[in-house]
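A structural walkthrough
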Amino acid sequence: MGWMERAVRLTDESELLPPGGGLVLAAVSGGADSVCLLDWLYHLRDVRPFRLAAAHYNHNLRGEESRRDETFVQNLLAERYPDIDLYIGSGDVAGAARKAGRGLEDMGRELRYAFLQETLQALGGGVIATAHNADDNVETVLLHLLRGSGLRGLTGIPPKRDGVIRPLLTTTRTQILEYLRIYSLPHVEDSSNTDDRFSRNHLRRHVVPLLREIDPWLEERVGETAAVLRREDAYLDELARSRLTGSVPELRRLPEALLPRVIQLLAERAGCPAVLTLAQRRAAVELVFGENPSAQISLPGHFTARREYDKLILGPSLEHVPWEPFPLAAGENRAGDCTLQVSAWTYQGEKPGKDCFYLRLGDYRLRPRQTGDRLRRPGRPERSVKRLMIDEKIPRLYRDRFPVLEGEGRAAAAAGLGQDQSFLPQAGEACWKIEL
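These lines cover the structure that appears in this document, whether it is placed above or below. (Residues numbered from 1 in each chain as written. Predicted model: local features only at pLDDT ≥ 70, side-chain atom pairs only at ≥ 80, totals over all residues. Heavy atoms only, no water.)

1. Thoughts on the side chain of Glu308
Definition in use: By definition, any uninterrupted DSSP run of H or I lasting at least four residues is a helix, any uninterrupted run of E lasting at least two residues is a strand, and each is numbered from the N terminus. Pairing of N or O atoms within 3.5 Å defines a polar contact, subject to two protein rules: one partner must be a possible hydrogen donor and the other a possible acceptor, and residues neighboring in sequence count only if both atoms are side-chain atoms. When checking whether two residues touch, look at their non-hydrogen atoms; a contact exists if any pair is within 4.5 Å.
Mapped onto the fold, Glu308 is located in strand 8 (residues 303-308). At a separation of 3.0 Å, a polar atom in the side chain of Glu308 contacts the side chain of Arg306. Residues contacting Glu308, with those up to four places away along its chain left out, are Pro293, Ile313, Pro395 and Tyr398.

2. Structural notes on helix 4 (residues 93-100)
The cut-off we apply is this: For each residue, the accessible area found with a 1.4 Å probe, counting protein chains only, is set against the maximum for its type, and the residue is called buried under 20%, exposed over 50%, and partly exposed in between.
Looking only at helix 4, the buried set comprises Val93, Gly95 and Ala97. The inward-facing, buried residues of helix 4 contact strand 2 (51-58) and helix 5 (104-122). Two residues or fewer past helix 4, Gly101 is found with a positive phi of approximately 65 degrees.

3. Concerning the nonpolar core
Where a protein is soluble and globular, its nonpolar side chains tend to be buried together. What counts is decided by this rule: Residues grouped as a nonpolar core are buried Ala, Val, Leu, Ile, Met, Phe, Trp, Tyr and Cys residues, joined through side-chain atoms within 4.5 Å.
Grouped together as the largest cluster of nonpolar side chains are 38 residues, with contacts concentrated most on Val24, Leu38, Leu41, Leu52 and Tyr81. Counting only elements with at least two residues in this core, the list comes to helix 1 (3-13), strand 1 (23-27), helix 2 (32-44), strand 2, helix 3 (64-80), strand 4 (127-129) and helix 8 (173-182). Looking at this core, the element that brings in the most residues is helix 2, giving nine residues. Ignoring any residue separated from it by four or fewer positions in sequence, one finds Leu41 in contact with Val24, Ala26, Phe50, Leu52 and Ala129. In this structure, Leu258, Leu287, Ile297 and Ala305 belong to the second largest nonpolar core, which totals 24 residues.

4. Focus on the sheet that holds strand 12 (residues 338-346)
Applied cut-off: In this description, strands pair whenever DSSP reports at least two bridges between them. Whenever a helix is involved, its axis is fitted only over the stretch in contact; in every case the axis is a line through C-alpha atoms, and angles between N-to-C directions fall within 0 to 180 degrees.
With antiparallel pairing, four strands are arranged side by side in an open sheet as 11-12-20-13. Of all strands in the sheet, those with a lone pairing partner are strand 11 (331-335) and strand 13 (356-360), marking the two edges. On average, adjacent strands in this sheet sit at an angle of 30 degrees to one another, irrespective of strand direction. With five bridges joining them, strand 13 and strand 20 (residues 430-435) adopt antiparallel strand pairing. Each bridged residue has a counterpart across the sheet, and for Phe357 the counterpart in strand 20 is Ile434.

5. Topic: the pairing of strand 17 (residues 404-407)
Covered by surrounding structure in strand 17 are Val404 and Glu406 together with Leu405 and Gly407, the residues of both alternating faces. Pairing analysis gives four bridges linking strand 14 (residues 364-367) to strand 17, with the strands arranged antiparallel. Along strand 17, the bridge assignment pairs Arg365 with Glu406. Note that strand 17 and strand 18 (residues 410-414) share four bridges and pair antiparallel.

If you want it as structure tokens, here you go:
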């Protein structure tokens, strides 16, 4: 069976094409793989009905070479595929990467796919076709193996995911180049593909050829194994989704094989942009079983996994936003993460609570907690504000976001904790009523 027959078989078995003759938007960089993809899709329409369009994204990373690629794609479509609409996008990948503190490859991928998705939606929807091939699949599996990403990483590149299809996934790069030669199809070369500073390039140029000497069917073997692992991975994911929870006690009761997978799914649900490495999953498991109720670890894409007592929270990093002390005033007072409503009141002996205080008249100010802050709440022994926050299971990350009301140079009350009894007014006395 030739590669084109295998590509058609993959397309049919994996149901890659959109139903009802929908749109396929081919991502065309101008390189050999994408030119092959475009031409193959162009002729596939004769036997599989669908509409075809093309899109090119200029990353502006290689100066004149980037402009050359864009012009090449425009000329290619005009000369060989004049009935196919081409959509061009561009972005400052380097500037965006610097601003976000991320790598060029990672940021380029994000901006490119964002452009492709926006273009597809503007055209009424369909699927995006990319030219990932069997060699790319081998390189991806090896990279994930070296980085320690577990079973998920060893499943390689899926033929279809999130509206992106990869019909050439069973096709080798050698077969692609032979196809271009036979049909006299031009392409451009990306000079960065020879830069061994990129791990993928180093594998492609030095490691994969050695493995291919051991087994000439390397791409096919890896592809078959990855397909088997994808099915097993999907089954384990189904089990993990049925046990998805952020409750630490429930997480501790999960089977050892499912816990890291549940953590990965929690990360995906929170929007974390990357597959967690084995080390990151292991660190998250240690959060679950650790004794520190406020511990946290960093994850890719400015995300964190953190304990909040009996909860495991995965989400974007919460940056501490400092705020300056200011005088308490009648009306609404916004301090930290709290809003306090202050009004004049006549005290009738009401019992103050954690979110409602009655303070005798005086000058007060709102400020973050300080070392040495203490409260003696009515009917209770004096304790430090820090200890009270621990008792109330307020995560460490949030403690500076809870304001303290200071009066006479000491803590008079603290949001979520209560007030000091020495600041309670007498019955019938005018006071400040403060509600959170």
